[in-house]
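The residues making up each chain are set out below.
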Amino acid sequence: MNPHVFPIPTDLASKAHVDARGYEEMYRRSIDDPEGFWREQAQILDWSRPFTQVKNTRYSPEDVTIEWFADGRLNASYNCLDRHAAQKGSEPAILWAGDTPGDQRRVTWSDLRQEVSRLANTLTKLGVKKGDFVSVYLPVIPEAIAAMLACARIGAVHSVVFSGFSAEALAGRIKDCRSRVLITADEGLRAGKYVPLKKNADAALESLPFVEHVLVVRRTSRDVPMNPERDLWYDGALAQAPADCPPVEVGAEDPLFVLYTSGSTGKPKGMLHTTGGYLVHAAASFRAMFDYHPGDIHFCTADVGWVTAHTYLIYGPLANGATVVLFEGVPTWPDASRWWQIIEAYRVNIFYTAPTAIRSLMREGEAPVRKHDLSSLRVLGSVGEPINPEAWLWYHEVVGGGRCPITDTYWQTETGAVLLCPLPGAMALKPGSAAKPFFGVRPALLNSDGSAVEGEGAGNLCFADSWPGQARTILGDRERFLKTYFSTFPGYYFTGDGARRDADGYYWITGRLDDVINVSGHRLGTVEIEAALASHSSVAEAAVVGFPHEIKGQGIFAFVTLKEGITESDELRRELLQLVRTRIGPIAMPDRIEWAPQLPKNRSGKILRRILTRIAAGDFESHGDTSTVADLSVVEDIVRRFQKQN
Ligand code: WTA
């Protein structure tokens, strides 16, 4: 037997929702009869008005249409709350672990339903109506989940902005969806440090007079300025609001949320997700990919600001009635056993995290893990970037005790929920492979000329048909939506990733093919970082590329050309780092900034990033095809400077 293939655990397979034969049969059926298949899957939800149409989708160049369950009606918060509260109101929906060890909260289904209802009533009182956007800038606290579900309850559309983003980044995202209400907190708390959320929000709102109300959650209860005309304390407002709020029925194709993500051009894209298809895909895939069974405790470490948390910390699990662990802090503070301690304390069964975290915890050795009893774990998951085999093996052996399958889940903010992943009871595992397509999903590997790669081989990862969780558009920019995803390979959705298919039909993601980099599982557009650097008065131009980084997967490498007469200095480097921090946030700060007298360009003046990517990776020999470089001496110049330093 191939030592690099991990067989399906037999005891797990015997109890699993889907076993190997089941997968083959269900997958076949989902492709042959998508309507029948998804009609059945959609029964995982309660529909206030059942749908008669299932799928109305086309990817043809003249007409891209994506509609699922279009005439059905439902409410997402009802599906995630009321139907569970009615059955097990006093059981926990959320087990929250705060940044400080010992700081914890247990939120029952009834508590959560009540809080969501009060908040929904508060939002209504503030003038929020069905279809309005509400921005949410909160730490990982139960109120963040309440905020999302409260919007869903009244048919409003939430836009969660990662609390690590700067004031400027927040402002851009509020402006784009024009929300008139913002929900934030006094401060966040991460690794013992205060994050000035209200202060950032105030700065963001200086340029946004259309924001009428700011609801402020007391998280640290330290002093923050309040603007009496605009700001309201969350607890005070909720105390006055009625505890009952009937869920508003919405159409399946009415929007549920917008979430901004980076693309290969400047401005972040607001991916718009709708209610019915998204929730069906989230709920059904959560159940299958983690082999969720009632009573399981699910711990997803993602921040509420990312799609991973939207789908597999909040909507997917809660729609299934799963109890979720919500953790505010970081895995290495106060020490590297924090996650393991939480898993032991809450007897976590399903654990979902990103490779970058596994790599950084690996560095701390096995001792912090071994100190804890992790025998409750049954299924592990990985998401956000390719997982290298060393990290996979460590995760499998040390964290999972060699017993728990790892589901390596490939998907995107745009896809809403998973597209490729092994199902734990159905597929043998190969470390580093996202295995096979989820039900109804039709992957295709295409050559640059659009021809399909058959059998074994590598190519541009595309999908030949729609799936229910797919984003419907980029908010306010349908043209960009069509151009980005449907124009490169007409008739297909193009992911922007490369992939390989092996002889067993397993998929291996090889990484982004566009100007997007994946830093610690966070997706960043190099163009956004370049724009931030170039806004400094001393900078003539900048080019940003990814380079291999042991922990982060990819690090950020910036080549900066200064204006005539400006002297290179460490001081200037620090100013540039600070500038990126204020314009975007700490996650976008370059790991390295190097001065380049000029940047390599082609004859029409386009910066040749692929050459810089090679240099950043320490490859000074092969620049690949240099026939398009306008002036080769520019490349030689950069290489000479580098060789001197390294
Ligand atoms: C990458 C995160 C390899 C990929 C859910 C994709 C992955 C981008 C995997 C989307 C995986 C995500 N293996 N690469 N299992 N999962 N990616 O929008 O490049 O933050 O296009 O969504 O992350 O990142 P996003």
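Residues numbered from 1 in each chain as written. Predicted model: local features only at pLDDT ≥ 70, side-chain atom pairs only at ≥ 80, totals over all residues. Heavy atoms only, no water.

The UniProt record annotates "domain: Acetyl-coenzyme A synthetase N-terminal" (unreviewed entry) at residues 23-80. As annotated, residues 23-80 has a helix share of 40% and a strand share of 24%, and its two end C-alpha atoms lie 27 Å apart. (UniProt positions renumbered as here; feature names shortened; annotations may be inferred. Helix = DSSP H or I, 4+ residues; strand = E, 2+ residues; numbered from the N terminus.)

Around the ligand, a shell composed of 17 residues is seen, among which D408, T413, D497, R512 and R523 lie nearest. Here Q412 contributes a side-chain N or O atom positioned 2.9 Å from an oxygen atom of the ligand. R512 has a polar side-chain atom sitting 2.7 Å from an oxygen atom of the ligand. When the ligand sits alone it has 530 Å² of accessible area, and the protein chains cover 96% of it. Elements with a contribution of two residues or more to the shell around the ligand: α11 (307-319), β20 (406-409) and β25 (507-512). Each residue belonging to the shell around the ligand can be placed in one class, and the counts come to six nonpolar, six polar and five charged. (Near = heavy atom within 4 Å. Polar contact = N/O pair within 3.5 Å; in protein donor to acceptor, adjacent residues only side chain to side chain. Areas by Shrake-Rupley, 256 points an atom, 1.4 Å probe, with all protein chains shown as cover. Nonpolar A, V, L, I, M, F, W, Y, C, P; charged D, E, K, R; others polar.)

Turning to the pattern of salt bridges, a few remarks are in order. Oppositely charged side chains can pair when the atoms bearing their charge come close. Here the structure, examined in full by the defined rule, presents 46 salt bridges. The salt bridge involving D176 is made with K267; its shortest N-O contact spans 3.0 Å. Within this pair, whereas D176 is found in helix α7 (residues 167-177), its partner K267 is found in the loop between β14 (255-261) and β15 (269-274), the two being separated by 91 residues in sequence. Between D497 and R512 there is a salt bridge, with its nearest N and O atoms 4.0 Å apart. (Salt bridge = Lys/Arg side-chain N within 4 Å of Asp/Glu carboxyl O.)

Cross-referencing UniProt, the feature "binding site: ATP" (unreviewed entry) maps to G384, E385, P386, D497, R512 and R523 in the present numbering. These annotated residues cover 140 residues of sequence, and their C-alpha atoms lie no more than 12.7 Å from one another, placing them together at a single site. When you line up the elements, D497 lands in strand β24 (residues 493-501). A relative accessible area of 6% means that D497 is categorised as buried. Contacts of D497, omitting those with residues within four sequence positions, involve Y410, Q412, G459, N460, L461, I509, G511, R512 and L513. Within the local environment of D497, its side chain forms a polar contact with the side chain of Y410, the two groups lying 2.6 Å apart. Judged by relative accessible area, R523 falls into the buried class, the value being 15%. Discounting residues that sit within four places of it in the chain, R523 has contacts with T261, S262, K269, Q412, T413, E414, R512, V516 and I517. There is a polar contact of 3.4 Å between the side chain of R523 and the side chain of T261. (Buried < 20%, exposed > 50% of the residue type's maximum accessible area, 1.4 Å probe, protein only. Contact = heavy atoms within 4.5 Å.)

Below, the discussion takes up the confidence of the model for the protein chain. Detailed reading of predicted coordinates is not advised where the pLDDT is low. For the protein chain, the average pLDDT comes to 96, and 99% of its residues sit at 70 or higher. Per the prediction output, this complex has pTM 0.95; the corresponding ipTM is 1.00. (pLDDT = per-residue confidence, 0-100.)

Okay, helix α16 (residues 478-486) next. Turning to α16, its buried residues number three or more, namely R480, F481, Y485 and F486. Looking at the packing, one finds that the buried side of α16 touches β1 (55-60), β2 (63-68), β15, β23 (473-474) and β24.

Right, let's talk about the packing of aromatic side chains for a bit. Geometry of an aromatic ring pair is reported as the spacing of the ring centres plus the angle between the planes. A complete count under the given rule lists 41 aromatic pairs for this structure. With 6.1 Å between their ring centres and 80° between their planes, F290 and Y312 make a pair best called edge-to-face. Here Y312 lies in helix α11 and F290 lies in the loop between α10 (276-289) and β16 (297-300), a separation of 22 residues in the sequence. For F290, a relative accessible area of 0% gives the class buried. Within the aromatic cluster, the residues linked to one another by ring pairs are Y23, Y27, F37, W38, W47, F51, W68, F69, F438 and F439. (Phe/Tyr/Trp six-rings, centres within 6.5 Å; stacked < 30°, edge-to-face > 60°.)

Looking now at the environment of A147. Structurally, the position occupied by A147 is in helix α6 (residues 142-153). Using a relative accessible area of 0% as the deciding quantity, one classes A147 as buried. Along the sequence, A147 and N349 sit 202 residues apart, while their C-alpha atoms lie 26 Å from each other. In contact with A147, not counting residues within four places along its chain, are L119, V136, L138 and I183.

Let us look at helix α18 (residues 570-583). An ideal rise of 1.5 Å per residue puts 20 Å on 14 residues; α18 measures up with 20 Å between its terminal C-alpha atoms. Among the residues making up α18, those that are buried are L572, L576, L579 and V580. Looking straight down α18, one finds that the buried residues subtend no more than 95° of arc, so they occupy a single side. In the segment just after α18, G585 is the residue with positive phi, at about 150°. (Expected span 1.5 Å × (residues − 1). Arc of directions from axis to C-beta.)

The next subject is the pairing of strand β18 (residues 350-353). Side chains of β18 alternate between two faces, with I350 and Y352 and F351 and T353 buried alike. As judged from the three bridges shared by β16 and β18, these two strands associate in the parallel manner. In the sheet register, C300 faces β18, and the bridge partner there is Y352. When β18 meets strand β19 (residues 379-383), the two strands line up parallel, connected through four bridges. Paired with I350 across the strands is V379, a residue of β19. (Pairing = 2+ DSSP bridges.)

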